[in-house]
Amino acid sequence: MTLGVTLSSTSRQLPVDDTVRLAKEAYDAGLHSAWFGQTFAYDSPSLAAIVGREVPGLHVGTSAIPVFGRHPLLVSSQAQTAQAATGGRYHLGLALGTRHLTETAFGLPYERPIGLLREFLTALRPLLETGEADFHGELLTATTPYPAAVPGAEPPVPVLVAAMGPQALRVSGELADGILPFLAGPRALAEHIVPTVTAAAEAAGRPAPRIVALVPGVVTADAEGVRQKAAEALALYERIPSYQRAIELSGAEGAAGVAVIGDEETVAAEVRRFSEAGATEVVFTATDLGGEDDRRRTWKLLGELARG
């Protein structure tokens, strides 16, 4: 199992140079990967490409680009460029997004999200693997009148989906390389998420999927105070059906109940639980909730765990 962190701050957008500095710190601590959320500010594949090129050896990923308002041809170009720039260390994450953001920001109806995800992945795979596509679906068309391969984008960019619901998990198992569940605790992973996506991959004749569990986590002496901050920072996810379900299946009362917060022994034990539940990779998010000292303490522990 590998360990990583997100470099998206819970409180502010960081300048690019500061993000690179943090990425170097993460790599020096022994972490395997750094991940970037996609908001309406930075373009996450571009930022990942910059960071991955500046920090040789560090894997970088996007978690995750919503498929609404994007097109496979353009996402393929972004992903392949990042892959070439980082020497094969880029990981593309996709998401369904939410109805509120999709309809408010893009003016697009949030309709048939699972169907769109299936068509998006179907068109995207050959683009990443061969630089060509000839897909004509109900919801999108993707063809290449000119070659779309980026020199040096090897191996083909791995595609992960922020899937947690049964339908999204089945599509992801069939067409993607893995998933990026967030706010899904060990119980939800072991009993619902991992079995569903693994069965779909097996039925499609694909390798066992990667399970990259994104987990809010902080090593701290003030567990109660940091958990209260986590409750405030994560409250918005409790209003989104897919996260509501994941939290409920995890046996937690709220989003903060899924967060891993405590001293080194407590956090290390929880990381092991995620691994035992089927996570192939664990990525800690919101590690800055308790301040810089706690963030450094968290990264230090994760690096030690990564080194075994």
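A quick note: this is a predicted structure, and the numbers were derived from the prediction, not measured.

A.B. asks: Explain the pattern of salt bridges here, please?
C.D. replies: Pairing is possible between side chains of opposite charge, provided their charged atoms come close. As enumerated under the stated definition, the model contains 16 salt bridges in all. The shortest N-O distance in the salt bridge between Arg-99 and Glu-103 comes to 3.2 Å. Taken together, the positions of Arg-99 and Glu-103, both in helix H4 (residues 99-106) and four residues apart, correspond to about one turn of that helix. We note a salt bridge from Glu-129 to Arg-125, for which the minimum N-O separation is 3.2 Å. Taken together, the residues span about one helical turn, with Glu-129 and Arg-125 both in helix H5 (residues 113-130) at a distance of four residues. On the basis of relative accessibility, which here comes to 14%, the residue Arg-125 falls in the buried class.

A.B. asks: In this structure, what is going on with helix H7 (residues 186-203)? I would like to understand it.
C.D. replies: Along an α-helix, a turn takes 3.6 residues, which lines up residues three or four apart on a common side. A rise of 1.5 Å per residue sets the reference length of H7, with its 18 residues, at 26 Å; its end C-alpha atoms lie 24 Å apart and thus fit the reference within 8%. Maximum bend of H7: about 40 degrees, positioned at Ile-193, with proline Pro-195 one to four residues after it. Pro-186, Ala-188, Leu-189, Ile-193, Val-194, Val-197, Ala-200 and Ala-201 are the residues of H7 that are buried. Buried positions along H7 lie against helix H6 (166-175), strand S9 (178-179), strand S10 (210-219), helix H9 (241-249) and helix H10 (264-276).

A.B. asks: Would you take a moment to explain the pairing of strand S12 (residues 281-285) for this structure?
C.D. replies: Each regular strand carries side chains that alternate between the two faces of the sheet. For S12, the buried fraction is high: five of the five residues fall into the buried class. Side-chain alternation along S12 places Glu-281, Val-283 and Thr-285 on one buried face and Val-282 and Phe-284 on a second face that is also buried. One ladder, built from four bridges, connects strand S1 (residues 2-6) with S12; its direction is parallel. The residue of S12 that forms the bridge with Leu-3 is Val-282. Two strands pair when backbone bridges link them, and S10 and S12 are joined in this way by five bridges, in the parallel orientation. Bridging across to S12, Leu-214 finds its partner in Val-283.

A.B. asks: So what exactly am I meant to see when it comes to the environment of Ala-95 here?
C.D. replies: Along the chain, the position of Ala-95 falls in strand S5 (residues 90-95). You can call Ala-95 buried: its relative accessible area is 12%. Expressed as a C-alpha distance, the spacing of Ala-95 and Leu-117, which sit 22 residues apart in the sequence, is 8.2 Å. The contacts of Ala-95, once residues within four sequence positions are left out, are Ala-64, Ile-65, Pro-66, Val-67 and Ala-162.

A.B. asks: Any chance you could explain the pairing of S5 here in plain terms?
C.D. replies: With six of six residues buried, S5 lies mostly within the body of the structure. Here S5 shows a buried face lined by Tyr-90, Leu-92 and Leu-94 and a second buried face lined by His-91, Gly-93 and Ala-95. Sheet topology places strand S3 (residues 59-62) next to S5; two bridges connect them, and they run parallel. Across the sheet, residue Gly-61 finds its bridge partner in S5, namely His-91.

A.B. asks: What is the right way to read the packing of aromatic side chains from this model?
C.D. replies: Centre-to-centre distance and the angle between the planes together describe a pair of aromatic rings. Under the counting rule described, the total for this entry stands at five aromatic pairs. Ring centres of Phe-68 and Tyr-110 lie 4.8 Å apart, and the angle between their planes is 35 degrees; this geometry places the pair in the tilted category. Taken together, the residues Phe-68 in the loop between strand S4 (65-66) and helix H3 (72-86) and Tyr-110 in the loop between H4 and H5 connect sequence positions 42 residues apart. For the pair formed by Phe-68 and Tyr-110, the shared burial category is buried. Measuring from centroid to centroid gives 4.9 Å for Tyr-237 and Tyr-243, while their planes differ by 70 degrees, and the two rings are edge-to-face. One aromatic cluster in this structure is built from Phe-182, Tyr-237 and Tyr-243. Above the plane of the ring of Trp-299 lies Arg-295, whose end atom (NZ or CZ) is 4.4 Å from the centre.

Reading the values: the criteria
- Residues numbered from 1 in each chain as written.
- Predicted model: local features only at pLDDT ≥ 70, side-chain atom pairs only at ≥ 80, totals over all residues.
- Heavy atoms only, no water.
- Salt bridge = Lys/Arg side-chain N within 4 Å of Asp/Glu carboxyl O.
- Helix = DSSP H or I, 4+ residues; strand = E, 2+ residues; numbered from the N terminus.
- Buried < 20%, exposed > 50% of the residue type's maximum accessible area, 1.4 Å probe, protein only.
- Expected span 1.5 Å × (residues − 1).
- Bend = angle between axes of the 7 residues up to and from the residue.
- Contact = heavy atoms within 4.5 Å.
- Pairing = 2+ DSSP bridges.
- Phe/Tyr/Trp six-rings, centres within 6.5 Å; stacked < 30°, edge-to-face > 60°.
- Lys NZ or Arg CZ within 6 Å of the ring centre and 35° of its normal.

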